[in-house]
Each structure stands twice: as structure tokens, then as C-alpha cells.
Amino acid sequence: MATTTNDLPKTATIAPSIYKEPAPIVDKDNPLESMMQRFDRAAEILHLEPGIYNYLKTPVKSVIVSIPIQMDDGSMQVFEGYRVIHNDILGPSKGGIRYAPDVNLDEVKALAAWMTWKCAVVDIPFGGAKGGVRCDPRKLTMQQIEKITRRYTANMLDVFGPDRDIPAPDVNTNEQTMAWILDTYSMHMRRTEPGVVTGKPLVLGGSKGRREATGRGVMHSALRGMDKLGIKPNHATVAVEGFGNVGSISAQLIAAEGAKIIGISDISGAYHNDAGIDVDDAIHYSETHEFLLDGWKGGEKITNEQLLTLPCDVLVPAAREDRITKRNAHNIHAKLIVEGANGPTTAGADPILESKGVLVVPDILANAGGVTVSYFEWVQNRMGYGWTLEVVNERLEEAMNSAFDRVHETSLKHKVPLRLASYILAIDKVARTLRLRGIYG
Ligand code: NAD
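Read on for a plain summary of the structure. (Residues numbered from 1 in each chain as written. Predicted model: local features only at pLDDT ≥ 70, side-chain atom pairs only at ≥ 80, totals over all residues. Heavy atoms only, no water.)

Within the secondary structure, Leu105 sits in helix H4 (residues 105-121). When the C-alpha atoms of Leu105 and Ile64 are compared, they prove to be 8.1 Å apart, with 41 residues separating the residues in sequence. Contacts of Leu105, omitting those with residues within four sequence positions, involve Ser62, Ile64, Tyr82 and Val84. (Helix = DSSP H or I, 4+ residues; strand = E, 2+ residues; numbered from the N terminus. Contact = heavy atoms within 4.5 Å.)

Structure (C-alpha cells):
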């Protein structure tokens, strides 16, 4: 569901759309295995010492908690919650919390590592973390979700903290979830601690521009990528996969730069219009219809697979993982791929895109605008002073562009694609910090 305002989300329907969607399994590649393959290649190029390699592969802390909840009929149900801090060498750890029936410790560990690399790429002083509660929000009432959130937080009081570990929303959690975490943590601390979470409602100390930050960062990455390829934005054609927060805002902001959006999609289908899609109309439609773009009349209906292979200059996969695989990478026509989603391209597709000369701006760079503005939110909370939207957006642009430039320089230096360059940059930064700090004990 595309959202462009800072209104509180519809908390009574905690992300139900996610559960309506069939799993978009296209390939057998696992995004987390894909990430580890790239980590290994970067570590090899950096000649990382075996000790540091092992240290960076292992989370510094993994916590499992039991969350007993009294259900409406008086019975008790026990849920399992996780929080993994992959690394906190660069600063307090940062990462979202997801609620899903299949969350498990291994998944959370891998996602936490991903956050370490993302924060290092954009040069923000955070480590990486991730959390999860194994539950099915479809089968829970709002009151039960609130109880789970509060008990999970109470169990994590020794882990969370504005100077220790700072959660944010992820799959099936939202601004309301963050508000409950903030409240529970603050009650125990006997003072209000807005900096304990980011992605919270504006009125509780959230940041202006946070909701649009990931899409805005994708737009900056797209402009930088086009510039490297000599594509003028006002001559560019763009296809965007996924029309949720990241996809719809990326499409809107890239269109505002003069590019023509010729394809959009969501789980209900894809639309193609060579004359240019009216993105604002599509956003309005998706906000007022339960099934998002289903039934929209602004383009010719095509399949979700066809959208990925549309002849266009730029492709923005902003839906899910594993969408560009070794099965369809050969058919991609775009010259530039800007990864709004996490893990949309499998490791198997990387060499195919490379051999075709496609420039790929990888997820840990392209979609880092969200965590960057989360960092700004935390800074504002610590200052006790809110920035204007202009200041947030200006600093985001600066952070995204300088991260892109650092990655680009690394890519030239090591003669590797931007993805590998991002990993090299991130791992090198964390490893150098570790060598300087040394090992205590
Ligand atoms: P969202 O739930 O708001 O939107 C996801 C969109 O993808 C929906 O429109 C859905 O219908 C569509 N979709 C799902 N499967 C699809 C398919 N097979 N084909 C076409 N469309 C499909 O989620 P979001 O917050 O926009 O996140 C999208 C991606 O971006 C995820 O990978 C997420 O991890 C990543 N991401 C999000 C943020 C953020 O700040 N929201 C930050 C970094 C990365």
C-alpha cells in the first residue's frame, strides 16, 4: 500500500496484505546465501585475516526469549522472540523487528549481518542487528499483538537502549509497534526515551521524511547511476517492480526528475504504458483499493515477469527478494538496475548481468536511505531538536551521493562491480575499526 503521509498506519489491520500474497518463489537461490557468497568474495579480495573473517561471520549476541501471552479465552500461548546483534564495533546496533510465523534465529542472524554492511556503506555510526517474533499476526488481535510487543520489549530491556541497540519496523511491524516499544521501555526506565526506536510516529519524536526516505535514496542512486551511464533523466524510461512504500515513492520521485515511468507492478499484476504512467494516479488508486493496483486502467496489463524484462533504461526492483535470477537475467533489457528491495537479485544472476554490461546499484547502497534517516531520527532525539524536512532531505542526499561515490571509487580501484565494491567498502571499514580497537580479553 503506497503511503505518502505521516499519518498513523491503520493499526487494526497490521500489514494484512503481506499475508494475501503467495510467496513469489522464482528460483531456489536463497537471498541470505547470496549475501554470504558476496561476503566471501569481498573478504578474499581484502585478504581478510582468518580471525577477523570468523569474527565478522559470527554475531556478537543472539538472544532468544519466551513470550507468554494470555489469550482472550483465558488460555496461555507462548511465542518465541529473537534479537541478534551482529556487530556493534561502529556504534549502537540498528535493525528492524519482524513478526512472521516462519521467523527463525538463522534468518535473523543473516539479516542482522546485512544491517552491519548497510550501515557501514553509508558511513553511519551504527552496527547491525535484527529481531523477530515467531507469530502469525493474521491470527492475532491488536490487543494480543500489543501484549506480545510489550512482553518482548520487557524481555529485551538489557539489550535495547538508545546507546546500545535501536529497533525499527520491518515485516508486519509499524509505527504503532515502535510506539509500544518506546512506551514499555520508557516505563521501565522511568523517563521517556524516544531514541530507543526509530520509525516511530512523528508526534512521538519520529523524523520528518522518514517514510519517504528509502524511495528518496533510491531516486538519488538512480540519478547517480544514470549519470555514470550518460543517461539523461529526462530521456530515461523506467520500470518499477513493487508499488508499496519503496516502489511507489521511488517511482514518484524519479518521475519528478523528468524520467518516464513506463511500467509498474504490485502483487496483483503489472502495467505498461509507453506514453508514461501517471504515478500520482496509480498511488491514489492503490491507496483507495484493497487490492492495490488490481483493476487500474492507467496502462496495458502485462505479467509481473514481463515487467522485469521491459525494454527500458532503468529497472527498480522494489518488491521482494529473488526476483532477478539466473533464469531471467539474460532477458533483462535495462542498462541500470537500482535495487530498492533487499536481495532482489540472486548471486547466480550477478555474473549474467555483469556480462551484459548492466550497472547494478546494490541493495545495501541503493535502499540505505531508510536507515540513514533512522540515524537522523536518532540524532534528533538525542539533540531534543527536530529538523525541518528540507534539512533531512538535504542531508540524506549528501549521504547517499557520497556513499555512491565511495562505492564507485572502490569499484574502479578493485575493478569489480558496485555490489562487490559495497561489500569491500563495508567489510574493510568494520575490519579496520576492529584492528584499531583490538580484542579485549
Ligand atoms: P511494501 O509491503 O510496502 O511493498 C511491497 C510491494 O511489493 C507491494 O506493492 C506488493 O504488492 C509488491 N509485490 C510483492 N510481491 C511482488 C511480485 N512478485 N511482483 C510485483 N510486486 C510484488 O514493502 P516496502 O516497505 O516497500 O519494501 C519493499 C522492499 O524494500 C523489501 O524488500 C524491503 O525489505 C525493502 N526495503 C524497505 C525499506 C523501507 O524503508 N520500507 C528499507 C530498505 C529496504
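The next thing to look at is the pattern of salt bridges. For the structure shown, the criterion picks out 24 salt bridges. Close ionic contact of Arg323 with Glu241 constitutes a salt bridge, the shortest N to O distance being 2.8 Å. Remark: Glu241 occurs in strand S6 (residues 237-241) and Arg323 occurs in the loop between strand S10 (314-317) and strand S11 (336-338); sequence separation between them is 82 residues. Comparing Arg323 with Glu241, the two get one shared label, buried. Here Asp363 and Arg419 are joined by a salt bridge, their closest N and O atoms 3.9 Å apart. On the criterion of sequence distance, the pair formed by Asp363 in helix H12 (residues 363-366) and Arg419 in helix H15 (residues 418-437) is long-range, its members being 56 residues apart. The two residues Asp363 and Arg419 agree in class, both being buried. If you follow the salt bridges from partner to partner, you end up with Arg38, Glu339, Asp350, Asp363 and Arg419 in one network. (Salt bridge = Lys/Arg side-chain N within 4 Å of Asp/Glu carboxyl O. Buried < 20%, exposed > 50% of the residue type's maximum accessible area, 1.4 Å probe, protein only.)

With that settled, consider the packing of aromatic side chains. Each pair of aromatic rings is reported with the distance of its centres and the angle of its planes. The final tally for this structure, using the stated rule, is nine aromatic pairs. Both rings, one in Phe126 and one in Trp378, keep their centres 5.0 Å apart while their planes meet at 70°; by these two values the pair is edge-to-face. Of the two residues, Phe126 is situated in the loop between H4 and strand S4 (127-134) and Trp378 in helix H13 (residues 369-383); the sequence distance between them amounts to 252 residues. Of the two residues, Phe126 and Trp378, neither departs from the other in class, the shared state being buried. Each residue in the set Phe126, Tyr375, Phe376, Trp378 and Trp387 is aromatic and connected to the rest through ring pairs, giving one cluster. When the ring centre of Trp387 is taken as origin, the NZ or CZ atom of Arg395, which lies over that ring, is 4.4 Å away. (Phe/Tyr/Trp six-rings, centres within 6.5 Å; stacked < 30°, edge-to-face > 60°. Lys NZ or Arg CZ within 6 Å of the ring centre and 35° of its normal.)

We now examine the environment of Leu157. For Leu157, the position within the fold is in the loop between helix H5 (142-155) and strand S5 (165-169). In this view, Leu157 contacts Arg164, Tyr185, His188 and Met189; residues no more than four positions away in its chain are not counted.

With that settled, consider the nonpolar core. Grouped together as the largest cluster of nonpolar side chains are 86 residues, with contacts concentrated most on Trp117, Ile264, Val316, Val338 and Ile427. Considering every element that reaches this core, the biggest residue donor is H15, with eleven residues. Per-domain counts for this core show at least three residues from each of domain 1 (59-207) and domain 2 (211-366). Those residues in contact with Val316 that sit more than four places away from it in its chain are Val218, Val238, Ala239, Val240, Glu241, Ser250, Ile254, Val338 and Gly340. The next biggest cluster of nonpolar side chains, apart from the first, holds 28 residues, and it includes Tyr99, Ile148, Leu157 and Phe160. (Core = buried A, V, L, I, M, F, W, Y, C linked by side-chain atoms within 4.5 Å. Domains from an automatic or database assignment.)

Next up on the list: the site of the ligand. Of all residues adjacent to the ligand, which total 23 residues, the nearest are Thr214, Phe243, Val246, Ile267 and Asn342. Between the ligand and the protein, one listed contact pairs an oxygen atom with a backbone N or O atom of Phe243 at 3.0 Å. Relative to its unbound accessible area of 830 Å², the ligand is 82% covered by the protein chains. Only helix H7 (210-229), helix H8 (245-256) and strand S7 (260-266) provide two or more residues apiece to the shell around the ligand. Each residue belonging to the shell around the ligand can be placed in one class, and the counts come to eight nonpolar, nine polar and six charged. (Near = heavy atom within 4 Å. Polar contact = N/O pair within 3.5 Å; in protein donor to acceptor, adjacent residues only side chain to side chain. Areas by Shrake-Rupley, 256 points an atom, 1.4 Å probe, with all protein chains shown as cover. Nonpolar A, V, L, I, M, F, W, Y, C, P; charged D, E, K, R; others polar.)

The subject of this paragraph is the pairing of S7. With six of its seven residues buried, S7 lies for the most part within the structure. Two strands pair when backbone bridges link them, and S6 and S7 are joined in this way by five bridges, in the parallel orientation. Residue pairing across strands places Val240 opposite Ile264, the latter belonging to S7. Following the backbone out of S6, through H8 and into the adjacent parallel S7, one traces a crossover that is right-handed. (Pairing = 2+ DSSP bridges. Right-handed = clockwise from strand over helix to strand, strands pointing away.)

The α-helix winds at 3.6 residues per turn, so residues separated by three or four positions along the chain end up facing the same way. Between its terminal C-alpha atoms H7 stretches 29 Å, which fits the 28 Å expected from 20 residues at 1.5 Å a residue. Most of H7 is tucked away, with 14 of its 20 residues classed as buried. Trailing H7 by a residue or two, Gly230 shows a phi angle of about 70°, which is positive. (Expected span 1.5 Å × (residues − 1).)

This brings us to the sheet that holds strand S2 (residues 76-87). Read from one edge to the other, the open sheet built from five strands follows the order S1-S2-S4-S3-S5, with strand pairing classed as mixed. Whereas interior strands pair on both sides, the edge strands pair on one side only; in this sheet they are strand S1 (61-70) and S5. When strand polarity is set aside, the average angle formed by the axes of neighbouring strands in this sheet is 25°. Two elements, strand S3 (residues 93-100) and S5, share five bridges in a ladder whose sense is parallel. (Axes fitted to C-alpha atoms, helices over the stretch in contact; angles between N-to-C directions.)

Any link to function would need more than the numbers given here.
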